[in-house]
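Each chain, written out:
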Amino acid sequence: NVSRVTIRGAILELVSDGLLIRSQGKGTFVAPKKKLQSANDTTGLTESCRRLGKELHSQVLSAGYSYATKAECDFLKIDESEQIIEVVRLRFIDRRPTVIETSHFLKKYDFLLHENLEGSIFECFNKHGISVHTSQRTLEISTATEAELLETKRNSSLLLFRDFQSGGFDTPLFVAKQLYNTQDMVFYL
């Protein structure tokens, strides 16, 4: 004994709360449970997923030499004419493409080009006696230009994290840019 208007209003409220998903021409469905991820990721994505019992694997899209942006040069304390190492990876959480990660390293860390970059960069550094001591992280909203890689609609909203990682004595190690498809994720602080 409830009107259609009341039912429609309730469904719209459940959709706006993220509990239901509407698909035009298909119907309304219960939304899958979103994965919880820390926004203050000082241990790296690999360790965060390990702690939360998530399956993580990476696909290296490219690894080689490149040039840094002005902001990256300032952080890395290098001249804009110096080459850096660029590693681009597609990261899958629980078998879903979730993150496109672009990392820039000082050229002196070229040992990374001979490592298995499908795993943890932090573990590669640790293997060579280098550890991350401090991290600065910024967060922005971005749009999906690489939509097909993340299996999302072009120009849909993504979270863009920028990490500035340093070793001991504030020695710059690397800068990472991570584009997160958050349709299955919730971040906590």
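Look up: the structure comes first, before these words.
Here goes a summary of the coordinates provided. (Residues numbered from 1 in each chain as written. Predicted model: local features only at pLDDT ≥ 70, side-chain atom pairs only at ≥ 80, totals over all residues. Heavy atoms only, no water.)

**Description of the sheet that holds strand β9 (residues 172-180)**
Next up, step 1: Pairing is antiparallel in the open sheet, where six strands are placed in the order β4-β5-β6-β9-β8-β7. Looking at strand neighbours, the two that pair on one side only are β4 (56-67) and β7 (134-143), the edges of this open sheet. Between one strand and the next, the sheet's axes are offset by a mean angle of 15 degrees, whatever the strand orientation.
Next up, step 2: Note: strand β8 (residues 157-166) against β9, eight bridges, orientation antiparallel. Looking across to β9, one finds that R162 is bridged to K177.
Next up, step 3: Each of β4, β5 (83-93), β6 (96-106) and β9 is contacted by helix α2 (residues 45-52), which is oriented at about 20 degrees to β5, the strand it contacts most. (Pairing = 2+ DSSP bridges. Helix = DSSP H or I, 4+ residues; strand = E, 2+ residues; numbered from the N terminus. Axes fitted to C-alpha atoms, helices over the stretch in contact; angles between N-to-C directions. Contact = heavy atoms within 4.5 Å.)

**Structural notes on the environment of S62**
Next up, step 1: Following the sequence through the fold, S62 ends up in strand β4.
Next up, step 2: By relative accessible area, which is 32% here, S62 ends up partly exposed.
Next up, step 3: Expressed as a C-alpha distance, the spacing of S62 and V87, which sit 25 residues apart in the sequence, is 5.8 Å.
Next up, step 4: Sequence-distant contacts of S62, defined by excluding residues within four places in its chain, comprise E86, V87 and V88. (Buried < 20%, exposed > 50% of the residue type's maximum accessible area, 1.4 Å probe, protein only.)

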